Amino acid sequence: MSSRHTFRGIVFIGISAPLLWLSLTTSSIAKSVVPTVMLPASGLSAVDLAVIVNEQDPLSIKIADYYQRKRGVPEANILHISFKPQQPSMRPGEFAVLEKIVESKIPDHIQAYALTWAAPYRVGCMSISSAFALGYDIKYCAKGCKPTATNLYANSNSARPYADFSIRPTMLLAAENFAQAKRLIDRGVAADGVAVTDSGLRGAAYLVETPDKNRSVRKVFFPAIKNSFGERLPVEIQQSKTLEGKLDVMFYFTGAAHVRDIDTNVYLPGAMADHLTSTGGQLTNSSQMSALRWLEAGATGSYGTVVEPCNLLSKFPNPFVALSKYTQGASLIEAYWKSVQTPGQGVFIGEPLAKPYRGYRLQLDGGSFKLSSPVLTPGHYAVWVADTREGPFRLLRSGVAITAFQSSIRLSPPYSAFYKIERLEVFGQLPIPHLLQ
């Protein structure tokens, strides 16, 4: 478990992974202890994730071992299978056998998978991430410009995808060597809560419309993103071939077969970046730019298709959905998976548990604390208090409303050492532009 705090005047910043620990004393608050706040669940944790290891691949074993230690993944969640490594594609029959082995070992509570390799990235006509998540089925494939079966998890509010939809979102901890994998994992762990600051949300979204019209079809979402997020997060829409020299990239969505200058930008921990093109998901042997290049440049997550998808919007991440879910405290794997309506031909790569917007601010205001967090979306909440983290917790208030006009919860003295916020009811969310076929 990690924790972080900064002190500027009387604003305290904390993170939660999944629970927050923050304990400070200052003369400005009469030597009282700043409360520790436990936020409502907003994303998957290490307990929910199974890490799948290929015993024939030394790199897969090293990645899994390092990831388990850095994220605290329970030993029971590490699942071993065995197959010939480094092949771009796996036959559906071979995958079916491995899938049965995984199903025989997996704990019932597991909600998502992390695969510790870059190849194979494909199973038959599907990506390997979608095959593990959805099960291999040709309804998720298409020849030519045709839609495929829908991801029921897309744009949902579900925090338990397997329990709700029998889908286990899957992401590849993909790298070509251990040094790259280690940097990726370290960025993901460092991301937790880092984008919640005393002045608001950290990072910027860059939406680039390139001269390549066929690969820039996501520009239809750009104005809505600017209008909906512009006051909370810097959003820059560009018409150019490339983006270069930016120091605060959290989101970068573009369209091109090859994207130049990506290594001239600074990607904040947790950043997601991808380019709409035909074979960006062919991670190790693409004739276009592999999505791996984004991770090597400093992004924490990316996406690409493994077979020709045409430029159907539903087969690529919807930037509006990705921003919406991520900035409300979802993990990287959840935000990315929820943004793709038909992901059967696309592979998700990155550090799945990165959560840069799962944090909070405590501001001393008029003798009491104002608690605010991106996790506290419009709805009703209950506030529980206890003297220790283990409890017992007792109900302090119920039916506390978070709205567009009242976005914080007030904590009044006498303060308890621990507060637990429970979500009771969710109000309507931002309207999402239609995920066009």
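Just so it is clear, the model here is predicted, and its values are computed rather than measured.

Rules and cut-offs
Residues numbered from 1 in each chain as written. Predicted model: local features only at pLDDT ≥ 70, side-chain atom pairs only at ≥ 80, totals over all residues. Heavy atoms only, no water. Pairing = 2+ DSSP bridges. Helix = DSSP H or I, 4+ residues; strand = E, 2+ residues; numbered from the N terminus. Core = buried A, V, L, I, M, F, W, Y, C linked by side-chain atoms within 4.5 Å. Buried < 20%, exposed > 50% of the residue type's maximum accessible area, 1.4 Å probe, protein only. Contact = heavy atoms within 4.5 Å. Arc of directions from axis to C-beta. Salt bridge = Lys/Arg side-chain N within 4 Å of Asp/Glu carboxyl O. Phe/Tyr/Trp six-rings, centres within 6.5 Å; stacked < 30°, edge-to-face > 60°.

A. Examining the sheet that holds strand 6 (residues 89–90) more closely. An order of 6-8-9 is seen for the 3 strands of this open sheet, with the pairing classed as mixed. The outermost strands of the open sheet, each flanked by one partner alone, are strand 6 and strand 9 (126–127). In this sheet, strand 9 lies alongside strand 8 (residues 122–123) in antiparallel orientation, the contact comprising 2 bridges. Counted as the bridge partner of Arg122 is Ser127 from strand 9.

B. Fine view of the nonpolar core. Membership of the largest hydrophobic core comes to 109 residues, with the highest contact counts inside it found for Phe251, Tyr252 and Leu283. Residues within four places of Phe251 in sequence aside, it is in contact with Ala204, Ala205, Tyr206, Leu233, Met272, Ala322, Leu323, Tyr326, Thr327 and Tyr357. Among the nonpolar cores identified, the runner-up in size contains 19 residues, and Leu362, Phe369, Leu376 and Ile402 belong to it.

C. Region of the structure containing helix 6 (residues 222–229). Among the residues of helix 6, Phe222, Ile225 and Phe229 are the ones counted as buried. Summarising the axial view, the buried residues of helix 6 lie within an arc of 60°, below the 170-degree limit, and thus occupy one face.

D. Seen up close, the pattern of salt bridges. In this structure the tally under the stated criterion is 14 salt bridges. Here Lys182 ties to Asp186 by a salt bridge, and the two come within 3.3 Å at their closest N and O atoms. Placement of the pair is Lys182 and Asp186 together in helix 5 (residues 178–191), with a separation of 4 residues, close to one helical turn. Look at Asp186 and you get partly exposed, because its relative accessible area is 24%. Here Arg215 ties to Asp212 by a salt bridge, and the two come within 2.7 Å at their closest N and O atoms. Judged by relative accessible area, which is 22%, Asp212 ranks as partly exposed.

E. Geometry of the environment of Pro35. Tracing the chain through its elements places Pro35 in the loop between strand 2 (11–15) and strand 3 (36–38). On the accessibility criterion, Pro35 (0% relative accessible area) is buried. Along the sequence, Pro35 and Val385 sit 350 residues apart, while their C-alpha atoms lie 9.9 Å from each other.

F. Main features of the packing of aromatic side chains. Under the defined criterion, the tally for this structure stands at 15 aromatic pairs. Aromatic side chains Phe229 and Phe320 sit 5.4 Å apart centroid to centroid with 70° between the ring planes, which places their arrangement in the edge-to-face category. Of this pair, Phe229 sits in helix 6 while Phe320 sits in helix 8 (residues 319–326), placing them 91 residues apart in sequence. Aromatic side chains Tyr336 and Phe348 sit 6.2 Å apart centroid to centroid with 65° between the ring planes, which places their arrangement in the edge-to-face category. Taken together, the residues Tyr336 in helix 9 (residues 332–338) and Phe348 in strand 18 (residues 346–350) connect sequence positions 12 residues apart. Comparing Tyr336 with Phe348 shows no difference in burial state: the two are buried. Connected via pairs of aromatic rings, a cluster forms that spans Tyr303, Phe316, Tyr336, Trp337 and Phe348.

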